[in-house]
Amino acid sequence: MSTAVEVTKEAFEIGGRTFRSRLIVGTGKYRSFEEMKAAHRASGAEMVTVAVRRVPLDRKTESFLDHLGPELTILPNTAGCYTAEEAIRTARLAREALQTDLIKLEVIGDQTTLFPDNEQTLEAARVLVGEGFTVLPYFTDDLIMAKKLLDAGCAAVMPLAAPIGSGLGVQNPANLAIMREQLSGATIIVDAGVGTASDAAIAMELGADGVLMNTAIAEARDAEQMATAMRLAVEAGRRAYLAGRMPKRLYASASSPLAGVAR
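Here goes a summary of the coordinates provided. All of these numbers come straight from a predicted model, not from anything done at the bench.

What counts, and where the lines are drawn
- Residues numbered from 1 in each chain as written.
- Predicted model: local features only at pLDDT ≥ 70, side-chain atom pairs only at ≥ 80, totals over all residues.
- Heavy atoms only, no water.
- Helix = DSSP H or I, 4+ residues; strand = E, 2+ residues; numbered from the N terminus.
- Contact = heavy atoms within 4.5 Å.
- Core = buried A, V, L, I, M, F, W, Y, C linked by side-chain atoms within 4.5 Å.
- Buried < 20%, exposed > 50% of the residue type's maximum accessible area, 1.4 Å probe, protein only.
- Pairing = 2+ DSSP bridges.
- Right-handed = clockwise from strand over helix to strand, strands pointing away.
- Axes fitted to C-alpha atoms, helices over the stretch in contact; angles between N-to-C directions.
- Parallel < 35°, antiparallel > 145°, perpendicular 65-115°, else oblique.
- Left-handed = near helix turned anticlockwise from the far one by under 90°.

1. A short note on the environment of R95
Then step 1. Structurally, R95 is set in helix α3 (residues 84–98).
Then step 2. In this structure, the C-alpha to C-alpha distance between R95 and F133, residues 38 residues apart in sequence, is 8.6 Å.
Then step 3. Beyond its immediate chain neighbours, meaning those up to four positions away, R95 contacts T100, D101, E131, G132 and F133.

2. A word on the nonpolar core
Then step 1. Grouped together as the largest cluster of nonpolar side chains are 67 residues, with contacts concentrated most on L105, L128, V135, L149, M213, I217 and M230.
Then step 2. Formed by 12 residues, the second largest nonpolar core is a distinct cluster that contains I24, L136, M158 and I189.

3. Structural notes on the pairing of strand β4 (residues 47–51)
Then step 1. Of all 5 residues in β4, 5 are buried, a share of seventy percent or more.
Then step 2. The two faces of β4 match: M47, T49 and A51 on one face and V48 and V50 on the other face are all buried.
Then step 3. In this structure, strand β3 (residues 23–25) lies alongside β4, joined through 2 bridges in parallel fashion. Considered in β4, the bridge of I24 is made with M47.
Then step 4. A crossover links β3 with its parallel partner β4, the connecting element being helix α2 (residues 33–43), and its sense is right-handed.
Then step 5. Sheet analysis places β4 next to strand β5 (residues 73–77), joined by 5 bridges and oriented parallel. Within the sheet, the bridge partner assigned to T49 lies in β5 and is L75.

4. A few points about the packing of helix α5 (residues 143–151) against helix α6 (residues 173–182)
Then step 1. At a closest axis distance of 10 Å, the pairing of α5 and α6 adopts a crossing angle of 40°. Put simply, α5 runs oblique to α6. By crossing handedness, the relation of α5 to α6 is classed as right-handed. In this structure, α5 uses L143, A146 and K147 to contact α6, whose residues at the interface are I178, M179 and Q182.

So this is what it looks like as structure tokens:
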């Protein structure tokens, strides 16, 4: 089977759900609902994140929930939670209101950097998995914590590329590469810090199964155009990973071999 066919047919699964797109997008920071909808369409994403604590789940007032395409899978997240207890309570609320067992688990440990509290995240993950949630935890790019989260029963792990909303891109490519090598059967979704298309491509070239982003698209001058760029970058990075890059060399290597050349 050719690589081109493999890319289009290979399954991307999360908690028993199969997706064609490996790009997950957000719903915050857009300048209008129309801009958000256009960006979502252009991204080709089939899953969108929703910050449970920042939206009226009772639907009594208009919010972006009223403007999400019915074909989109909603991934509630526990953004804004600073303890395991808060995150667990928020996840339960999301399941009740949105009728889904999916949860992107975020437990923040520092207000300035928004770095996650890995220990509190693990504690919450164990409880939520026990309650039947499909847990996707956001955490630092730490191999040991990734193993603990997977052992706790998380459906995937979501290491950060850089601080949330920073746009710095992948800061520790070696960590992500090691994680991919050590956790060959796990679903790894790079989350947070992507700024532009090349960042998304790099994450995918390192072996990530998917990329989640929000600010990079929503704060672009042209969100719809950036969403298109991200869709293409994720696909290109995936194809490059499957193709297998050439080895890096210190010195030149002629593109045209000299063997058989007339002297």
